[in-house]
Amino acid sequence: SDITKLKEVEASLQSSLADKEVLLREVHHRVKNNLSVVDSLLSMQARYISDAEALRAISDSQRRIHTMSLIHEQLYQSHDVDKVDFCEYLQRLVGNLYSSTNFNTNQVELKLDIKPTQLNIDTAISMGLIVNELLTNAFKYAFPNNNVGLIEVVLYKSKDDDNLHLIIRDNGVGIPENIDFKATASLGLRLVRIMTQQLRASLDLSCSFGTSFHFTLNPKLCKT
């Protein structure tokens, strides 16, 4: 009788867990669809705007929305609704950003060195937004006048601790000397600073040869 009751409780818990996973998957699906609606509304609005700066702002907003939407789409399709396969996500995000650029892709080589990494949704979204902003800036400004070059995205974990390292670097013209990363009015770079603080990450910025952003964080310590 005791074993029967235990089995009934176990079956009930498994059924409840399955229902929870279905519900979470549906939530991610709905969030992804709602973000797609916002993206479409911005596209419609852009048709009535002729100001070049306003159009760029809308385009930047759409890229940020798409960055977040990819996370929810991946979780909806994943077996694990609590963790993001950040390696797969980065490959999709970087590929989409690269293919949507308006320069000749033969001009700039894109190299990925990404190790398998599982992250919670909040950490993944913050890191995804960082990648979106820095890659978009590199595509726009690192290689003017049809210069050729290389952009690299590196992701790995330290062997001696749990720290995660994200490196985004290029061998382009570098950040101009008159731009102070910590005080710039650029929305994109301000978002990078905000996301870095939220992740409790450290940032090593080098402009000695092109531009290199090296983020170090412990996923266990990230704010959620």
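Refer to the preceding data block for the structure.
Computed from a predicted structure; not experimentally measured.

(A) Spatial organisation of helix α5 (residues 187–198). Taking 1.5 Å of rise per residue, 12 residues should cover 16 Å, and α5 covers 16 Å from first to last C-alpha, within 8% of that figure. Listed as buried for α5 are G188, L189, V192, M195 and T196. Down the axis of α5, the smallest arc covering the buried residues is 120 degrees, so these residues share one side. Tucked inside the fold, the buried residues of α5 contact α2 (52–77), α4 (121–141), β6 (202–206) and β7 (211–217). Phi turns positive one or two residues past the end of α5, at R200, with a value near 55 degrees.

(B) Just the pattern of salt bridges, in detail. In the structure shown here, the tally under the stated rule is six salt bridges. A salt bridge links D60 to R63; its shortest N-O distance comes to 2.2 Å. Of the two residues, D60 and R63 both sit in helix α2, three residues apart, roughly one turn of that helix. A salt bridge links E133 to R64; the nearest nitrogen and oxygen atoms lie 2.5 Å apart. Here E133 is found in helix α4, whereas its partner R64 is found in helix α2, with 69 residues between them in sequence. What makes R64 buried here is its relative accessible area of 13%. Each of the salt bridges in this network shares a partner with another, and the network as a whole consists of D60, R63 and K140.

(C) Quick look at the sheet that holds strand β2 (residues 108–114). Within the open sheet, the five strands sit side by side as β2-β4-β5-β7-β6. Their pairing is mixed. The open sheet has two edge strands, β2 and β6, and neither has a second partner. For this sheet, the mean angle separating the axes of adjacent strands, direction not counted, is 10 degrees. Here five bridges tie β6 to β7, and the two strands are oriented antiparallel to one another. Residue D204 lies in a different strand from β7, and its bridge partner there is H214. Relative to the sheet, α4 contacts β4 (149–157), β5 (164–170) and β7, its axis offset from that of β5 by approximately 10 degrees.

(D) Representation of α2 in the model. The terminal C-alpha atoms of α2, which comprises 26 residues, lie 37 Å apart, in line with the 38 Å expected from a rise of 1.5 Å per residue. Where α2 begins, one side-chain oxygen reaches toward the backbone nitrogen of E53, 3.2 Å away; that side chain belongs to D51.

(E) Spotlight on the packing of aromatic side chains. As enumerated under the stated definition, the model contains three aromatic pairs in all. Ring centres of Y98 and F139 lie 5.9 Å apart, and the angle between their planes is 50 degrees; on these two criteria the pair is classed as tilted. Here the residue Y98 occupies a position in helix α3 (residues 86–99), and F139 occupies one in helix α4, the gap between them amounting to 41 residues. Of the two residues examined, Y98 and F139, each falls in the buried class. Centroid distance F213 to F215: 6.5 Å. Interplanar angle 10 degrees. Geometry classified as stacked. By the burial criterion, F213 is buried, and F215 matches it.

(F) Main features of the environment of V154. Tracing the sequence through the fold places V154 in strand β4. A relative accessible area of 9% places V154 in the buried class. Residues V154 and H165, spaced 11 residues apart in sequence, show a C-alpha to C-alpha distance of 7.7 Å.

(G) Seen up close, the environment of I130. Along the chain, I130 turns up in helix α4. Judged by relative accessible area, which is 2%, I130 ranks as buried. I130 sits 66 residues away from R64 along the chain, and the two C-alpha atoms are 9.8 Å apart. Look past the residues within four positions of I130 in its chain and what remains in contact with it is L166, V192, M195, T196, L199 and F215.

Rules and cut-offs
Residues numbered from 1 in each chain as written. Predicted model: local features only at pLDDT ≥ 70, side-chain atom pairs only at ≥ 80, totals over all residues. Heavy atoms only, no water. Helix = DSSP H or I, 4+ residues; strand = E, 2+ residues; numbered from the N terminus. Expected span 1.5 Å × (residues − 1). Buried < 20%, exposed > 50% of the residue type's maximum accessible area, 1.4 Å probe, protein only. Arc of directions from axis to C-beta. Contact = heavy atoms within 4.5 Å. Salt bridge = Lys/Arg side-chain N within 4 Å of Asp/Glu carboxyl O. Pairing = 2+ DSSP bridges. Axes fitted to C-alpha atoms, helices over the stretch in contact; angles between N-to-C directions. Polar contact = N/O pair within 3.5 Å; in protein donor to acceptor, adjacent residues only side chain to side chain. Phe/Tyr/Trp six-rings, centres within 6.5 Å; stacked < 30°, edge-to-face > 60°.

Remember that the coordinates give geometry; whether it matters functionally is a separate question.
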